Amino acid sequence: MRVLMAYGLTAGVLVVSGITAVLNARSQQETAREITHAQDIALALERIENALSDAETGQRGFLLTGQEDYLDPYRAARGETSIAVISRPSVSELIQSARRLLPSGSRQERLLDRVDRLARDKLSELEQTIRLYRSGRMREATEIVVNGDGKRMMDDIRAALVEMRAEDKFMLRQRQREHHDGAERALMSAGVVSLLSLVTLAILMNVSNASSRSLRRSEQRFRSLVEAASAVVWVTDADGRMTADKPSWRAFTGQGREAAAMFGWMDALHPETRQAIQRALDARSREGGALRWPERWRVRRHDGQYREMIVRCVAMPAAEAGTEEWIGACTDVTELANAESRMRCFAESDVIGIVFGDMSGGIRYANDEYLRTIGYERADLDSGALRWDAITPPEWLAVDRRHVEQARRTGTCPRYEKEYVRKNGSRVPVLVGFGMIGEEDEVVAFVLDLSDQKEAEATLRRREEEFRTLADNISQLAWMADPRGGIFWYNRRWFDYTAVSQRTMLESGWQAMLHPDHALRVEDKLRACLQNGMPWEDSFPLRGADGRYRWFLSRALPIHDERGNVVRWFGTHTDVTAQRELEEELTRVNRRKDEFIATLAHELRNPLAPVQAGLELLKLPGNATPAAAKVHAIMTRQIAHLVRLIDDLLDVSRITSGKLELRRETISVGAVLDTALEECRLKLEAAGHEVEVNLPQQPLHIDADLVRMAQVLSNLLDNAAKYTPDGGRIVVGVDSRGDEVLISVTDNGIGIDADLLPRIFDLFTQLESARPRRRGGIGIGLSITRQIVALHGGVLSADSAGPGKGSTFSIRLPQAVPMSAGAKADPLSSRPGTSLACRRILILDDNADAADTLGALLAMSGHEIHVAHTGAEAIDMAQRLHPDIAFLDIGLPDMSGHEVARALRAIASLNGLVLVALTGWGADSDVRQSREAGFDFHLTKPVTTAAIKAILPNLKTPLD
């Protein structure tokens, strides 16, 4: 009967343990699937929130900088493009993926529908601000961001997601609790089954050998069930020796059967764990009693990695007394331990403040950064007197309560700003976020010190206010624009000038104030500068509040970021109306001055013309007595001096107005020097100066205007003759220095004071020490000379050892390579007859004295002279007489000399007529007009026989 009872009890234990094991295994599998499912839902919700947050952050970055790269997360959220660095589906796809994970008709599905609607609204709001910014309406885009609609949408989305997470978290905690309870039930059932099996085994051993065999089979079944459990199971005797093979232990550790036997199983333990178990064994040996196993082990897995294990042990009592064997189960908690370690490292890193406490205000743990932020010591925390609600200002307690209530409902709350009162009484701004942990009101929170950020924001606001104050009070109209040129800010001066509202300016643009005649030109130039990132400058009129246009000088500079990209433009408009009016007035005055000087020169030259011709007549053989010759020389020098003064006045006017033209060609320096010496010959001879000329063996050439360079050297020679006592010595040197030609004029005259040397080339500068011996001049020759040299690319300098030690003027000019060229043909060389044949000459001048004296001078060489005083008369005489040469004055009473020249050129029978303009107008523009009218040559009054001979070498003159 006892055997039957033992077998019955054994069978019952086996059935119960088997059923329990199967049920526990199924429960564990189902719980694991539900936990994984809940984690998938949490991950999907997190990805939705991250996608929307990144899109919003990208929009903010784009509005601040205008750089398109910031919009990559926004485009990814809308699914518009595939971004290599953002490999996530669109928000719509993420929501659909989350929907597939939720039970149909559940509360979570209804919350997801709400998230879907809010997400579409949020993306529409982002799209609207981006479109406004791209169209140049930066202000409207900024107002949409500032009014908080977008933030409220994101808060609503986060609140809905928080509720879904809370629901999911509640289900996850419930499944984890069930998983934990199932594991405990499996362990307890295994222990109970083991105890019952041992009891049954004892009864059977006492009954019979047959019962022993049955008991062994029952034990084998029990051990198989234990091995089927998910925990790592081991069995040792009372002294810790593993006496039975445990497949789960071997499978986990990778030990062989023999290696794990006896104390070999401890080789799979970490040295620290082995030492702890050895200490427990030693204590049992010394003190007796039961073996006290450590609760946390580190066991080496088969891949060599040590895993953190929680150990639960059950003592199997011996038949008489004490413990026969130990049955233990190890649960792998490595991931949990790693998470705890990471959390501990993060908290101790002091990156942000971390605090563990409760919702009522208590603080259990806080890291050093939290204590630093609130200004307390760790001793204050350890005393238990430090509470987060006690250091919160009263006005912030309501904010805390509102977020605490939300955390109670949903398990977490969105981050928010508040203040703490430090130990020293000061306040510190912080950013707080927290979530619930455990079943009670326990929370973990992060606290970020915002002091630096708030100070930076205050500094930025202060600087912006200073900038706006400065910008509003400058005299210019100022503005700022985005990288594409869309203006989003004007200063107060702009609105004062235009009397147009800010909204109107943002809608219509500043171009509405631009004068229509300049709009296309200005916009094209501005557009090109914006595209190239180059500074912009232009002048144009803008319409003011009174409807009148004023001229502005406008400038804009690009502002770059650290990568060199244009992030905005800053521009100004400076009113230059008064300046332009002054410039126009100065231009008019300068033009009238030039006209006056030209008229004066013309009027002075006209009376000089007959005087010059008369002097030429007196110079002819048979007309001069010694006294007349002396008077003739005096009059010739004075007329030459007067002509030079007139020419200098005209040159000053031409140079200052930028109208001096050069007819450059490759010429010999020797030819220039010959011309200059010839012009100054009379003055040099009259003063009895010795002139020494030093030329190099090889001719040197320059690219210059022969007439102007001869004028330069003539001025220097004239200056040397003027300021050197009679009988002085003047040396002209020519040399080459590298690729330059050096020309110097040195005298042994009165010298130049050192204080005057820097100003010697200024207009109207004259030597004070030379006043007793001045020989004419008004102080403009050297200034003209230096500017003519500069126009040729050269430099003129002066040097002197001091008063009474002479002076040297040096010219440096670029050296030129000589070019072969034929001599200019004389227009008369093609005429029949001898080279110095007598010619029929027509002279046209309304000044009868000038025409008669020139005619008398040329008639003495045997030429046939005909004189006309009006243009019509000259044209008629030319058609009848067919002259060889015609000297035509320009200013006539009935028509201009240019019109006469054109009329004569239109007559086919006068095809070979040589036309010479003979006038008091000698500006470059006058010469150009003569050439355009058909003249062959242009001579300026008073004209000399030498000047006529220079242009017409085949014309017979009294000099021949």
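You'll find the structure just up there.
Scoring rules and cut-offs
- Residues numbered from 1 in each chain as written.
- Predicted model: local features only at pLDDT ≥ 70, side-chain atom pairs only at ≥ 80, totals over all residues.
- Heavy atoms only, no water.
- Phe/Tyr/Trp six-rings, centres within 6.5 Å; stacked < 30°, edge-to-face > 60°.
- Lys NZ or Arg CZ within 6 Å of the ring centre and 35° of its normal.
- Helix = DSSP H or I, 4+ residues; strand = E, 2+ residues; numbered from the N terminus.
- Expected span 1.5 Å × (residues − 1).
- Buried < 20%, exposed > 50% of the residue type's maximum accessible area, 1.4 Å probe, protein only.
- Contact = heavy atoms within 4.5 Å.
- Bend = angle between axes of the 7 residues up to and from the residue.
- Polar contact = N/O pair within 3.5 Å; in protein donor to acceptor, adjacent residues only side chain to side chain.
- Pairing = 2+ DSSP bridges.
- Axes fitted to C-alpha atoms, helices over the stretch in contact; angles between N-to-C directions.

Q: Honestly, the packing of aromatic side chains in this entry has me stumped. Any pointers?
A: The geometry of an aromatic ring pair comes down to the distance between the two centres and the angle between the two planes. If you walk through the whole model with that rule in mind, you get twelve aromatic pairs. Among the aromatic residues, those joined into a cluster by ring pairs are Trp249, Trp265, Trp293, Trp297 and Trp326. Over the aromatic face of tryptophan 551 sits the side chain of arginine 580, whose NZ or CZ is 3.7 Å from the ring centroid.

Q: Sorry, what's going on with helix 15 (residues 451–473) here?
A: An α-helical turn contains 3.6 residues, so any two residues separated by three or four positions project in the same direction. Taking 1.5 Å of rise per residue, the 23 residues of helix 15 would be expected to cover 33 Å, and the 33 Å separating its terminal C-alpha atoms lies within 8% of that figure. Of the positions making up helix 15, those classed as buried are Thr459, Ala471 and Asp472. Each element contacted by the buried residues of helix 15 is listed here: strand 11 (487–490) and helix 16 (492–498).

Q: I keep staring at helix 21 (residues 669–687) and nothing clicks. Help me out?
A: Spanning 19 residues, helix 21 covers 25 Å between terminal C-alpha atoms, matching the ideal 27 Å at 1.5 Å per step. Along helix 21, the sharpest kink reaches roughly 55°, centred on cysteine 680. Capping the start of helix 21 is the job of one residue whose side-chain oxygen sits 3.1 Å from the backbone nitrogen of glycine 670: serine 668. The positive-phi residue at the C-terminal boundary of helix 21 is glycine 688, with phi of around 70°.

Q: Hey, could you run me through the sheet that holds strand 22 (residues 840–844) in this one?
A: Hydrogen bonds between backbone atoms are what pair the strands of a sheet, whose relative direction is either parallel or antiparallel. Taken together, five strands build an open sheet; the order of strands is 23-22-24-25-26 and the sheet is parallel. Edge positions in the open sheet fall to strand 23 (864–868) and strand 26 (937–940), since each of these has one partner strand only. Looking at each pair of strands side by side, their axes are set apart by 20° on average, direction ignored. Across four bridges, the pairing between strand 24 (residues 885–888) and strand 25 (residues 914–919) is parallel. Residue alanine 886 lies in a different strand from strand 25, and its bridge partner there is leucine 915.

Q: In this structure, what is going on with the environment of leucine 530? I would like to understand it.
A: Its place among the elements puts leucine 530 in helix 18 (residues 516–532). Once the C-alpha coordinates of leucine 530 and tryptophan 569 are considered, the two residues, 39 residues apart in sequence, prove to be 8.9 Å apart. Sequence-distant contacts of leucine 530, that is, excluding residues within four places in its chain, are made with Arg484, Gly485 and Trp569.

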